[in-house]
Amino acid sequence: SIKPKEQTTTAKKPLVAAVDRNIPMAGFQDRNTFAVVIGNEKYDNEAPVPFAENDARVFKEYLQKTLGVPEKQIRFIPNATLNNLRIAVRWLKQAMEVCGGTGKAIFYYAGHGIPDEADKTAYLLPTDGIGGDAETAYSLQKLYAELSKMTAQRTVVFLDACFSGAKREGDMMASARGVAIKVKASEPQGTMVVFTAAQGDETAYPYNSQQHGMFTYFLLKKMQDTKGDVSLGELGDYLTQEVKRESFVENNKMQTPSVNASSALANSWRSIKLR
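Below or above, wherever it landed, is the structure these notes cover. (Residues numbered from 1 in each chain as written. Predicted model: local features only at pLDDT ≥ 70, side-chain atom pairs only at ≥ 80, totals over all residues. Heavy atoms only, no water.)

Looking only at helices and strands, the chain features 5 helices and 11 strands. When each of the 275 residues of the chain is scored for burial, the buried share is 55%. Sequence-distant contacts in the chain: of pairs separated by 6 or more residues, those separated by 24 or more amount to 74%. Taken as a whole, the chain presents about 13,000 Å² of accessible surface, with 47% of it coming from carbon and sulfur. (Helix = DSSP H or I, 4+ residues; strand = E, 2+ residues; numbered from the N terminus. Buried < 20%, exposed > 50% of the residue type's maximum accessible area, 1.4 Å probe, protein only. Contact = heavy atoms within 4.5 Å. Areas by Shrake-Rupley, 256 points an atom, 1.4 Å probe, with all protein chains shown as cover.)

What follows is the structure, given as structure tokens:
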């Protein structure tokens, strides 16, 4: 009898982006930096945010390895609820108090952002929140106000989110009205610098081939290329240039990151080093 031909299958290995490998090692520990890292991917009432958990996980690795932040000084929260967000912000404020004015704070968020359609203000959407109900979300104005109360040397905020009511893939969230909303800009206070993935009514897109948000991918890429030795001004210029270009090439859509610093820092924020 003739034996049937053996079937050979080659299972596809999951893609690991270049920025997820060969993460530079700092060779020192930064005892004065504390960080909150949130990746909201799985929502109870809204569509998921592709790759948000991976964004947060790899950013945490860069904090530890490239910026030298000890793991105990990082609060890593995949899929944060509203209370998780509140507790994380409170922990960061307490950490800065313990540092007695020498502390540096980093707040990173990947996930949905939403507008309050009534007054056009912006909110971070926790995983138990409802996109059409701002009362279930965390106000960006409140976040900035809470972080500005800290006695920190500086606070750097990274937001891989948009606040127009759009999903990461570009179409509108189910709870939105179907029209992208341009929210009012919330002003950072104190010694705060905020990097945001998109402006106005734009969308913060995914970089599907790299399994990251477009903004986070290039944030990690710059940290990898410079081994973390980069000024906030250089980082901002790089993110704006690369994300804007790649989003147009990949998605045929505009995505323009922005950097917003508190008035107290004037232009001095540009020379502040990330590490």
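The rest of the description comes next.
In a beta sheet, neighbouring strands are held together by backbone hydrogen bonds and run either parallel or antiparallel to one another. Read across the open sheet, the 6 strands follow the order β2-β1-β3-β7-β8-β11; overall the sheet is mixed. A strand with exactly one partner marks an edge of an open sheet, and here the two such strands are β2 (74-78) and β11 (258-261). Here the average twist between neighbouring strands, direction ignored, is 10°. Pairing of strand β7 (residues 154-160) with strand β8 (residues 192-196), which is carried by 5 bridges, proceeds in the parallel orientation. Each bridged residue has a counterpart across the sheet, and for V157 the counterpart in β8 is V194. Contacting β3 (104-110), β7 and β8, helix α4 (residues 214-226) runs over the sheet at an angle of about 135° to β7. With respect to the sheet, helix α5 (residues 232-251) is in contact with β7, β8 and β11, its orientation differing from that of β8 by roughly 15°. (Pairing = 2+ DSSP bridges. Axes fitted to C-alpha atoms, helices over the stretch in contact; angles between N-to-C directions.)

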